[in-house]
Each structure stands twice: as C-alpha cells, then as structure tokens.
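So you can see what is in the structure, the chains are spelled out below.
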Amino acid sequence: MAVSFCGKRLLLTRTNLFANSRRHGYIVLVPEIGEDLPEKNPLSSANGLPEFNNATIEKCVAAIGQQAIAAEKSVKTLEDRLGSPGPPLEDVIKDVILPLEATGAPLETTWGIAKTLYLGSSSRLPTKSYMTIHERARSARRAKFNSVPIYTTLKGALEAGTQSAHGKDTTDPLAIGEEHRLLQKYVLEAKLSGIEVDGSSKAELNEILEKLSQERNKLQNKRDVAVKKFQQVISDPAMMKEFPPTVLQSLATDPSQALKGPWKITLQPPVVASFLEHCPDRTHRWNLWQADTRKCSIHTDKSLENSSHLEAIRSLRKRQAKLLGYESYVHMSMETKMAGTVGAVSNALDELLRYARPAAEQELGALQRFAGENGFRGPLDIYDVPYWKRRHLATIHQYDPEALKDYFPLPTVLSGMFRLAEQLFGIRIVEREGVDVWHEDVHFYDVFDARLEGPPCQSEPIAGFYTDFYSRENEKLSIAGNAGWMVGIVNRSVAANARPLAALICNFAAPLYGKPSLLTPEDLHTLFNRFGRGLQHLLTECRYSDVAGLSNIEWDAVEVSGHVFTHLLHDVDTIRTISSHYTNGNALPEPCIEAIQRRRTHLAGYRLCRELYHSQLDLQLHLTSDYWLDVVRNLYPRYHTFELDRKDAHPCSLLPIFSGDWGAAYYSHTWSKMIAADVYSAFAEAKEPTLRQEVGRRFRETFLALGGGCHPAEVFRRFRGRDPCPTALLKTLGIYKPLHGPATGHSKAPKDEQHSQQ
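If you're wondering where the values come from, they're calculated on a predicted model, not measured in any experiment.

(A) A look at the pairing of strand β4 (residues 443–449). Burial analysis of β4 places six of its seven residues in the buried class, the great majority of the element. Pairing of strand β3 (residues 427–431) with β4, which is carried by five bridges, proceeds in the antiparallel orientation. Across the sheet, residue Glu431 finds its bridge partner in β4, namely Tyr445. The pairing of β4 with strand β5 (residues 463–470) spans five bridges and is classified as antiparallel. Directly across from Val447, in β5, lies its bridge partner Ala463.

(B) Up close: helix α25 (residues 689–706). Helix length check: α25, at 18 residues, gives a terminal C-alpha distance of 25 Å against a target of 26 Å (1.5 Å per residue), a fit within 8%. A maximum bend of about 35 degrees is found in α25 at Phe699. Listed in full, the buried residues belonging to α25 are Arg692, Val695, Gly696, Phe699, Arg700, Thr702, Phe703, Leu704, Ala705 and Leu706. Following α25 by one or two positions, Gly707 has its phi on the positive side, about 50 degrees.

(C) Spatial organisation of the packing of aromatic side chains. Under the defined criterion, the tally for this structure stands at 31 aromatic pairs. Through a chain of ring-to-ring contacts, three or more aromatic side chains come together here, namely Phe418, Phe425, Tyr445, Phe465, Phe528, Phe531, Phe565, Phe683, Phe699, Phe703 and Phe719. Taking NZ or CZ as reference, Lys115 lies 4.3 Å from the ring centre of Trp111, over its face. Over the aromatic face of Trp555 sits the side chain of Lys337, whose NZ or CZ is 4.9 Å from the ring centroid.

(D) The arrangement of the packing of helix α13 (residues 342–373) against helix α24 (residues 668–685) in detail. Closest axis-to-axis distance for the α13/α24 pair is 11 Å, and the angle between their directions is 70 degrees. Comparing the axis directions of α13 and α24 gives the class roughly perpendicular. Residues Ala344, Val345, Ala348, Leu349 and Leu352 of α13 form the contact with α24, whose own contacting residues are Thr670, Trp671 and Met674. Looking at the contact of α13 with α24 residue by residue, the class counts come to seven nonpolar, one polar and no charged.

(E) Highlighting the nonpolar core. Within the largest apolar cluster, 170 residues are counted, with the highest numbers of intra-cluster contacts made by Phe408, Phe425, Phe465, Phe531, Phe565 and Phe683. Here the element with the most residues in this core is α13; it accounts for 15 residues. With residues near it in sequence (within four places) discarded, Phe683 still touches Leu424, Phe425, Val564, Leu568, Arg692, Val695, Gly696, Phe699 and Phe719. Counting 39 residues, the second largest nonpolar core, distinct from the first, contains Leu125, Val435, Phe444 and Ala498.

Thresholds, definitions, all that
Residues numbered from 1 in each chain as written. Predicted model: local features only at pLDDT ≥ 70, side-chain atom pairs only at ≥ 80, totals over all residues. Heavy atoms only, no water. Buried < 20%, exposed > 50% of the residue type's maximum accessible area, 1.4 Å probe, protein only. Helix = DSSP H or I, 4+ residues; strand = E, 2+ residues; numbered from the N terminus. Pairing = 2+ DSSP bridges. Expected span 1.5 Å × (residues − 1). Bend = angle between axes of the 7 residues up to and from the residue. Phe/Tyr/Trp six-rings, centres within 6.5 Å; stacked < 30°, edge-to-face > 60°. Lys NZ or Arg CZ within 6 Å of the ring centre and 35° of its normal. Axes fitted to C-alpha atoms, helices over the stretch in contact; angles between N-to-C directions. Parallel < 35°, antiparallel > 145°, perpendicular 65-115°, else oblique. Contact = heavy atoms within 4.5 Å. Nonpolar A, V, L, I, M, F, W, Y, C, P; charged D, E, K, R; others polar. Core = buried A, V, L, I, M, F, W, Y, C linked by side-chain atoms within 4.5 Å.

These figures capture arrangement, not role.
As structure tokens, this is what we get:
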C-alpha cells in the first residue's frame, strides 16, 4: 500500500501522514482568520492561476478558514431550507448539489494549492502548517456528508429514480448517469460515515472509530521507532562494491566520502530493498532481512510489539462493519470497489495464481542454477532472491540501469511523452512562459483540444499543469519510497467555471555541470505513471467536481490510467521516441531496448505471487477471526516456495493495511494492473498508426473523459466491448501458458452502477 497524489482522495491514502481516518462529532479548529478577506481567492492571480510566489502560510490558513466557514454555512443554510415547510424540491441537482459545489470548489482549490506547495516547497509550507490546513479543509468537506437533511433528500431522490431526481426529461444519457453517480456518492459517503446509525449504536460507533484511530496511530508510531532504532554501520568497501554511486552517496555517513564510507544501513524500506539487491555477502543480507521481518514483534523489543494493536484493529473494524450493516469489513469495502463482490476478487486472484505459481517455480529454478554457476553453494532463500535476480538480469539479459540512464535525458523523455499523448488522445501540450511558480525549476503547460478547429494560440486551453521534477535538498519534500506525485489542484466544474489544473512533482536528479537530468528505468516508470494519472484529471469531461477526473473512481480502478501509460512505455516505438544519448544524440541500441522489455517479464511469476499473497492476506485477516499468525501460516505456502521463518512477523509492520486506508483493499493494486493490461492489449492489437489512434480516441472518450461519473465496469465495457479478463495481465508478464484443468473464465465486475466510492 503500499502509497500516489492522484486526486483529493488518493492524497489521503498513501502514508499515515495523510491518513483519511474519519472524525465523527468534532472538528479540528484552527484560527479562523480571514473572514473579512475579499471574495477573490487571495491565492489566485488575475489570470485565475495560483500566485505561488505570494502564497504564505498565513494566506493559506486565512483562505482555508474563510472558505471552510463558507462551506459549512452553505450546509447549514441548506439544512434550514430543507427543514422548512413547503413544497418538495423539483430539482435536487440545482437546489442542493450546485450550491454545495459553489462553496466547496474554492475550498478544494486552496487545499490543492497547499498540497502543491507542501510537496514542491516544503521549506515554505512545513508539515505542521500543512497539516493544520489539511485538517481544517477535511473537516469542512465532511460537513455535507454528515448532514441528515441533505442525506434524506438525496436518498429520496435516488430511490425515486432519475426522472424524479431531475424533475425534467433530458436527451443526454451521459448527464443522467453522471448525476446519478453524484447522488450515489453523497448517499454512500453518508452511509459509511454512520449517518443511519443512531442512539446507543451511534455512541458505540463513535467510540469504535476513536479507538481505531488510536490503535492505528500506535501501530504506526511503534513501527517508525523500530525502523529508526536499527542501525548497522559498514566500513568494509568490499561489502559495498556492487552498489551504484547514487546509492552509496545516500547511505554514506559523509556524502562527500561516498566511495570510502562508512555507510549506515537502516530499516527504511528503500534502504532494505537496495541493500538486499546489491550486497554480495549473504550473512549481511540475512541479518538485515531478519531484522526487517521481525521488527515490531515479540522476538525483538517487546515494548515495540504490534501484534496486540494489529488484533485490536481487526476487531474494531469488524465491529464497525457490523454496526453499519455489513457481514464483514471486506464486504463493507466492496461498496467502494469496481469488483463489487468478494467472490469476484477471489476468482480473479485464484486465476492469476494458477499461472503465477508454476511460473515462479520455474523462474526460481533457473535462478538457482545461475547462482550455482556463479559460485553460490546451497539452496537459495528468500533474502537471496533480490541479489541474484539483479545479477541474473544483468548477466543474462544485459540489463544495466546505470548505463541506460545516459540515453534518457529528461528533456528528450518529456518531448517524446508529450508527443505520444498528443498523437493518441488528440490534444496539444504547449508551454506557457511568465506563469507565477514556486521555484525556477517549475514549468507550466496549457492543454488544448486538437479536435477543435484553429491553432492552439487562437483557442482556449481546456486544462493546465505544472511540472517540478528535480529534487532539492532541505527545500522540497522527499518521502522514502515515493518518487513522485500527481496533485489535482483544481477539479473541472461547469458550475464554478473551473478548468482542471494539476501539478506533477517528482524527485529526479537535478542537472549538474551542464549534464541534463538523466532518468533511470524506475524514474521513467514513475514519470509515465504520474502523467497517465494526470491525463485522467486534465481530460475529464464531467461537469461536477465531485465526480470529475479521479474523484469518485472506485479504489481498485483509480490506478488504471497510470498503469496503461506505463505499459505504453514498453512499446518499441515509444522507447525510441523518448531516448537518445545525451552527449551525441545516438539512438538507444537494440539490445538495450530488448533488455528494458525483458525486465518487465523477469521473475514476473515470483513477483506476482508475492503481490497475490499480500492481497489475500489482507482479505483473510479482515474476513476471519483467526489469530493473525495462523492466517499467515495457512496462506504462506500457497504463494511461496520458501518456508516461512518461524520468527517472521511481517504483518506487524504492514502500514498500508493497518495504519493506512488500504485495509481490505490491498488487492486493488493487482486488480488495477489486471484492468490496465486488458486496456493496453487493445493498443497492442492495433498495429497500424491509424488503428492505434482510434484506440487512443476511444480511451480518451471513456477512461479519461468519464472519470468518476460512470462506474468503471461500464467504462471498461464501453472501451473493450466486454468484461475484463486476467489473461491480458498474464500475457503481458510473459507467464501465460495453457494449463490443464478447468478455467475459471472471465473475472467479471458486476453490480454496474450500484456502488460509489468512499
């Protein structure tokens, strides 16, 4: 879980810092300065774009205070109107939704500006200040979903049907669907907040939610302490000889002595992953691996054990679901998922496992032989796999990420990526000079609709986005394991006359001594993924901000567009378009292109098995009442060829599931990859440029345009003409082979238009 900022909701799900824990019955107060501010947003310039250079902590807090009060007053005014005697409302969209959007849109915009500043210039908006803004904005936003009169009115309109809800006929079926989804969102948000629970049950629910928040924080804090507590200093250069220079510099106690050391090894996830991948000494690998898997358990510091908190969280979530009328926390989770049912998820995961497990066994067998041929004695263990996987990929497939960097200078990559989007989706991306930005490295681009007549300079842009790609030590936020974000600053809203505005913020190496920023394959993946998500925010055609772009998309489908774009990254033509040597412009050699493509399929079965294990572990921990260790012991052998270490306590530090918001939803990452692979297969099947552009047009008109205004199962059907199937993902990973035994068939996503997102 696990963690990108791809819209207002996803920002709250990536780390505990942004945990979207619900607050019931109270709000977090900040000084309400700014009530006498002018109607114009003090953070916006005359051209409607934010004045980032003039944005201060005081202005951000003042704007949020003013706009939060306005949003809460709007809710109170509506409640008074709905509670007064008189004829029923003829049009709930016009009389309820639009007033809420009119006061909510400025709040969301200021919140988006604050997020952008926090990520792009954290020295100007530190964590404490941002969290003050974040809490105030979130509490104000929840007001409209915690209102009984609004809930009763919208639920009645929803139950009465589209005709009664609109109070008029319409010839636009897409508008009907979008407004239907809008009503669903309000009703489901309120239901999951406990609005239908009253009396003693309401008090019990509030107590459960308060305890749940406490237990999640305790688990998070203990894990953080355990990570910081472990430190290993390595002074022997022989232990670090295979590490890339950039990694050595990040680990060195003195960055200026990166090649000499000493180096400090911690339990930060990126450090653990890099160390296991590059350390040639097996004893050192085992030492770090066992410290990582045993942290927060009774086998280490008992004061930091998380087992009790893990069990408490499971129990509290189960009670929460029961009070809200669900069989389990997983069944409650399905309300906000494309899959719709526990059975649909289980069928898909089982079908993927049927192919992944045999592939993993073959892959590990080949890896064992390779290790043996290169001096390794004895059977491989799980902590050996990352090291020998890297060496196998480098030796057999000539994959060298450090050498590949020279062929991917950021300006060339950006030019090719923008050109790809323009060709596929009928847009034009044009840089605009003179825009107010938060740093000189930041650029701004207008997005034009190329389907309209006339050159871009003579038409109005449909959206815009900022780019801030370079890391800046002590000035820009850097979160371990998260290389980039897509921040939705402004959602499209016809009522507020607002065009989509976004920011792509990454932490790539900055240009140095005339050398441009050179991207690693991982950097490329991050850039394409975030840009794909950004396109869904920017090219939405929804009319209401609450369902525009990435808003209101079910959790297991919200990553689809990002994954589709990363699939396009592996096309030969795309690789050639975005690459050339930064010194002489030479084309990327064919063997290098093949190496990049092989990396995606290398040990793919093994990697998929691990993803499936964590997905199923999450589901079973929230479906059953068995002790967590018993659940692990039962599941582990199905997905691993290695034996479970008797002191392995990895669930005790699974933050995305237990302190984050991915409990009973971790499978969403695999599900979205499955959907994206099926979508991408349509591009792969289109061999001619004109056919490929037709697929791109269809993708824009469905996944990019419809956003949260249409259920993703229906969006997929409109694009593909059928329900999704796991086969495309298996083929993309190179592990699809005909198997004996009955096939499980398509993994359908039923209940179209029945569920909205939380």
